[in-house]
Structure formats: structure tokens, C-alpha cells
Amino acid sequence: MFNILTQINKNFECDIAFEKLKKYKDLLKTWNSKFNLTAITDDEEIIKKHFYDSLIFSSYIDLINQSILDIGSGAGFPGIVIKIFFPNTNLVLLESNNKKVLFLKEVIKELDLKNIIVINERAEEYTKNNIECFDIVISRAVAQLNILLELGVQALKIDGYFIALKGKNYDLEIKQLNKKEKELGLLFDKKQIVEDNHLGLRANLFYKKFKKTSSLYPRSYNKIKNKPIGD
Ligand SMILES: C[S@@+](CC[C@H](N)C(=O)[O-])C[C@H]1O[C@@H](n2cnc3c(N)ncnc32)[C@H](O)[C@@H]1O
């Protein structure tokens, strides 16, 4: 059922991981009827559009022993899936929605995942108080790049990677930044483009932190939203 994942990495062929993934999928479907966690409910679609999509980036970066912050984890993408396949990572799932936080905690308990916690807070508050704590900050489908990078950059260590999992409009989002990511202490490093019949175009963008981020960032959410960097 999960064989498609071995296209990303043949080491993903592991009974324990697949067992956890199956449990996760079942929990997602059960809780979805109460909490409306995802519009994707078909088994094959969950595997491709959530599980597979959450792992594509992992072929471009070494995740062993890395501390990772997943901003706006929602129902656990990509954070929970990363944890299942890379058990020796340290994961923080950051999510502002209470119901999603309850679900994430239930998944962690039921799948018996270790070194992973859920924080019920907004990213712009959390990152202000957790400066340079993570090797990797990652996020999928939370905000446009010119907002997202400011929300998360303070929490990233120097030389760490900010990875934004994006779709077909990634080019426009990069243009909107007007190269102002440098002001945050980030440099565009590389991109991974994958085109697929079911997923469409996926663009995983890797930014590297080259210097400390000014304490001016992140600004309040209203300021970020009304005047994103690069505007
Ligand atoms: C569209 S969902 C995407 C969820 C998941 N990353 C995925 O790809 O399926 C966006 C999630 O980000 C959360 N979110 C939005 N802004 C946030 C913020 N500033 N801090 C923390 N979470 C946030 C929302 O509550 C929501 O669960």
C-alpha cells in the first residue's frame, strides 16, 4: 500500500514505519469526521498527497539527528510523517488551532512517537522566544513565502535550512520577496521541482541562514500581513 514511498528512498521499506503510517491514516479518517482535518479522505490520495508529498524534500537534505520545527503542522504534514521515517530527529510541531493540536497529541500517543512535541501557539510568538533553536524549519501550505519566512526565521540556527514546501505558484512567491530574504538573514540555496500526474507541480525551496536575524523580526502578525517583506 505504501510502496510509492520507496521511490523517494528505498530505506523507507520498513515494517515498523508502514505499520505506524497505517495507524496514522486510520486515525486521520476517524477524526476527520468530527474535526474536518483534511479535504483528502481517499486512502490512495492520503498516501500520495499527504504522506508522499511530505517526504519528497528528504532526498535533498540529511535529516539524521536534526532538530526540526514544523510551522502550522495542521493534521501533521510534514512533521508526523518525517518523525515516522526519521525516528532519530527531534521534532516540534507548532500549531495555533486547538482541535488540530488535540489530534496531533493523540497521534503521537497512539503511534508511540518519541522526541516529538506539539506546541499550541502562533509561530510569530513562539519563534521570538526560541531563537536559533532548530537545524531545520519546515512548513507546507501555511502562508506565502514573504510572510512565512518572517514567521519562522528567528528559530533557525545559523547555517540551518528553512524549507518551504510549495506548489505551482512558487515563482511568483519568490518574485514577491524582491530578494529581501537577505534582510532576514536568509539566502536562497536550492530548489527541488517535482512534476507528477497526481500531485501537479511541487516545488521545495531551500533557504540557508547565513547571519543572525535582527530582533526587529518577526513583527506583529498585522504588520507582517499588511506589509510583507519585499512589498
Ligand atoms: C492549510 S493548513 C496546512 C497544514 C499542514 N501543514 C498541511 O500541509 O497539510 C495551515 C495550518 O497552519 C496553521 N497556522 C496558520 N498560521 C499559523 C501561525 N501563525 N502559527 C501557527 N500555526 C498557524 C493553521 O491553524 C492550519 O492548521
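Residues numbered from 1 in each chain as written. Predicted model: local features only at pLDDT ≥ 70, side-chain atom pairs only at ≥ 80, totals over all residues.

Here we look at the pairing of strand 7 (residues 200-209)
Using the following cut-off: Between any two strands, at least two bridges found by DSSP are needed for them to pair. Helix numbers and strand numbers start at the N terminus; a helix is a DSSP run of H or I with at least 4 residues, a strand a run of E with at least 2.
Two strands pair when backbone bridges link them, and strand 5 (residues 156-166) and strand 7 are joined in this way by six bridges, in the antiparallel orientation. Looking at strand 7, one finds that Lys166 is bridged to Ala203. Pairing between strand 6 (residues 186-196) and strand 7: 10 bridges, direction antiparallel. Along strand 7, the bridge assignment pairs Lys190 with Phe206. Counting the residues between successive antiparallel strands, the hairpin from strand 6 to strand 7 contains three residues.

Considering the site of the ligand
Let me state the cut-off plainly: Defining nearness, a residue is near a molecule or strand when the C-beta atom obtained from its backbone falls within 6 Å of it. Under the scheme applied, nonpolar residues are Ala, Val, Leu, Ile, Met, Phe, Trp, Tyr, Cys and Pro; charged residues are Asp, Glu, Lys and Arg; polar residues are all the others, including Gly.
Near the ligand there are 17 residues, and of these Gly72, Gly74, Asn97, Ala123 and Arg140 occur at the shortest range. Considered class by class, the residues forming the shell around the ligand number seven nonpolar, five polar and five charged.

Focus on helix 7 (residues 170-177)
Definition in use: With C-beta atoms placed from the backbone, the exposure class of a residue follows from how many other C-beta atoms lie within 10 Å of its own: 20 or more, buried; 12 or fewer, exposed; in between, partly exposed. Think of the arc as the fan of directions from the helix axis to the C-beta atoms. Whether two residues are in contact is decided by their C-beta atoms, placed from the backbone, lying within 7 Å.
Restricting attention to buried positions, one finds in helix 7 the residues Glu173, Ile174 and Leu177. Axial view of helix 7: buried residues confined to an arc of 100°, hence all on one face. Across helix 7 from its buried face, at more than 90 degrees, point the exposed residues Asp171, Leu172 and Lys175. As for helix 7, its buried residues are in contact with helix 6 (145-152), strand 5 and helix 8 (181-184). Directly after helix 7, the chain includes Asn178, whose backbone phi takes a positive value near 50°.

What to know about the environment of Phe134
Checked against the element boundaries, Phe134 lands in strand 4 (residues 134-140). Taking C-alpha positions, Phe134 is 9.0 Å from Tyr161, a pair spaced 27 residues apart along the chain.

With respect to helix 6
It helps to recall that an α-helix has 3.6 residues per turn; residues three or four apart then point in one direction. Of all eight residues making up helix 6, eight are buried, and the element is well covered by its neighbours. Inspection of helix 6 places Leu145, Asn146, Ile147, Leu148, Leu149, Glu150, Leu151 and Gly152 among the buried residues, and these make up the whole buried set.

Quick notes on the UniProt feature "binding site: S-adenosyl-L-methionine" (unreviewed entry) in the chain
We count it as follows: UniProt positions are given in the numbering used here, feature names are shortened, and annotations may be inferred rather than shown by experiment.
Those places that UniProt annotates as "binding site: S-adenosyl-L-methionine" (unreviewed entry) correspond, in this numbering, to Gly72, Phe77, Ala123, Glu124 and Arg140. Note that Phe77 resides in the loop between strand 1 (67-71) and helix 3 (79-85). The exposure class of Phe77 is buried, given the 22 C-beta atoms found within 10 Å. If we skip the residues at most four places from it in the chain, Phe77 touches His50, Ser54 and Arg140.

Section: the environment of Leu149
Counting through the fold element by element, Leu149 comes out in helix 6. Look at Leu149 and you get buried, because 30 C-beta atoms sit within 10 Å. Considered as a pair, Leu149 and Pro218 are 69 residues apart in the sequence and their alpha carbons are 9.2 Å apart. Those residues in contact with Leu149 that lie beyond four places of it in its chain are Phe162, Glu181, Leu184, Leu186 and Tyr207.

Some remarks on unusual backbone geometry
Look at the link from Phe77 to Pro78: it is a cis peptide, with omega at 5°. Note on placement: Pro78 falls in the loop between strand 1 and helix 3. A cis amide bond links Tyr217 to the next residue, Pro218, at an omega of -5°. Here Pro218 is to be found in the loop between strand 7 and helix 9 (221-226). Even without glycine at this site, Asn115 takes up a positive phi of about 50°. Within the fold, Asn115 resides in the loop between helix 4 (98-110) and strand 3 (116-119). For Asp159, which is not a glycine, the phi torsion comes out positive at approximately 75°. With respect to the helices and strands, Asp159 occurs in strand 5. Overall, Asp159 belongs to the exposed group, with 9 C-beta atoms counted inside 10 Å.

Some details on the sheet that holds strand 7
Basically, it comes down to this: The convention used is that axes are lines fitted to C-alpha atoms, helices contributing only their stretch in contact, and that angles between N-to-C directions extend from 0 to 180 degrees.
Pairing is mixed in the open sheet, where seven strands are placed in the order 3-2-1-4-5-7-6. Looking along the sheet, the strands with just one partner apiece sit at the ends: strand 3 and strand 6. Going from strand to strand, the sheet's axes swing by 15° on average, the running direction of each strand aside. Taken together, the four bridges between strand 1 and strand 4 define a ladder with parallel strand orientation. Looking at strand 4, one finds that Asp70 is bridged to Ile138. Packed on one face of the sheet, helix 4 meets strand 2 (90-94) and strand 3 and runs near 165° to strand 3.

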